[in-house]
Amino acid sequence: EAELVESGGGLVQAGGSLRLSCAASGFSFDDYAINWFRQAPGKERERVSCISSDNGSTYYADSVKGRFTISRDNAKNTVFLQMNSLKPEDTAVYYCVVDQYYYCSGSLAYWGQGTQVTVSS
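Residues numbered from 1 in each chain as written. Predicted model: local features only at pLDDT ≥ 70, side-chain atom pairs only at ≥ 80, totals over all residues. Heavy atoms only, no water.

Undergrad: I tried to follow the sheet that holds strand E3 (residues 18-25) on my own but got confused; where do I start?
TA: Neighbouring strands of a sheet are bound in pairs by backbone hydrogen bonds; such pairs are parallel or else antiparallel. Taken in spatial order, the 4 strands line up as E1-E3-E8-E7 in an open sheet, and their pairing is antiparallel. Looking at strand neighbours, the two that pair on one side only are strand E1 (3-7) and strand E7 (68-73), the edges of this open sheet. Strand-to-strand twist of the sheet, defined as the mean angle between neighbouring strand axes without regard to direction, takes the value 15°. The sheet contact formed by E7 and strand E8 (residues 78-83) spans 6 bridges and is antiparallel. For Ser71, the partnering residue across the bridge sits in E8 and is Phe80. (Pairing = 2+ DSSP bridges. Helix = DSSP H or I, 4+ residues; strand = E, 2+ residues; numbered from the N terminus. Axes fitted to C-alpha atoms, helices over the stretch in contact; angles between N-to-C directions.)

Undergrad: What's the story with the nonpolar core in this structure? I'm lost.
TA: One recurring pattern in soluble globular proteins: nonpolar side chains tend to sit buried together. Among the nonpolar cores identified, the biggest contains 28 residues, and Trp36, Phe68, Val79, Leu81, Met83 and Tyr94 are the most heavily contacted of them. Secondary structure elements with two or more residues in this core: E3, strand E4 (34-39), strand E5 (46-51), E7, E8, strand E9 (92-99) and strand E11 (115-120). (Core = buried A, V, L, I, M, F, W, Y, C linked by side-chain atoms within 4.5 Å. Buried < 20%, exposed > 50% of the residue type's maximum accessible area, 1.4 Å probe, protein only.)

Undergrad: How should I be thinking about the side chain of Asp90 in this particular structure?
TA: Inspection of the secondary structure puts Asp90 in the loop between E8 and E9. For Asp90, a relative accessible area of 1% gives the class buried. In terms of polar contacts, Asp90 uses its side chain to reach the side chain of Arg67, at 2.7 Å. A polar contact of 2.8 Å, which involves the side chain of Asp90, links it to the backbone nitrogen of Lys87. When sequence neighbours within four positions are dropped, the list of residues in contact with Asp90 reads Arg38, Arg67, Phe68, Ser85, Val117 and Val119. (Polar contact = N/O pair within 3.5 Å; in protein donor to acceptor, adjacent residues only side chain to side chain. Contact = heavy atoms within 4.5 Å.)

Undergrad: Any chance you could explain the environment of Ala23 here in plain terms?
TA: Position of Ala23 relative to the elements: it lies in strand E3. A relative accessible area of 39% means that Ala23 is categorised as partly exposed. Considered as a pair, Ala23 and Trp36 are 13 residues apart in the sequence and their alpha carbons are 13 Å apart. The contacts of Ala23, once residues within four sequence positions are left out, are Glu3, Leu4, Val5, Asn77 and Thr78.

Undergrad: Would you explain the state of the cysteines in this entry?
TA: Think of a disulfide as a covalent bridge from one cysteine sulfur atom to another cysteine sulfur atom. The full count for this structure, using the stated rule, is 2 disulfides. Each sulfur in the disulfide pair Cys22 and Cys96 lies 2.0 Å from the other. Linking Cys22 and Cys96, the disulfide has an S-S dihedral of approximately -75° and is accordingly described as left-handed. With Cys22 in strand E3 and Cys96 in strand E9, this residue pair connects regions lying 74 residues apart in the sequence. (Disulfide = S-S within 2.5 Å.)

In short, the description is geometric, and any link to function would need to be established separately.
The following block contains the structure:
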């Protein structure tokens, strides 16, 4: 059974940085693209970033472009989201989500439990 475990969230001041990790198990990790989504209270879920199975292509929401960087280590079945220049509007629960394909299709399969990121002003 697929399992995704996010870590690295926490409380940080505006302008600070956090690095989220997503450790995957139970499926062929290097065959699938991986997404990061986020959801803030009262707001719709937003796809933040995505990386293809072979690190060949990435996607970023306009709201995070230039500040966030997604990467993956297929040898360690782990995906990372480096978040710099954080803003209070980045406050949300961040989820790691497996895509159904090797590319960033937007068709989703498995979700992690999420990790809370809080950015204070």
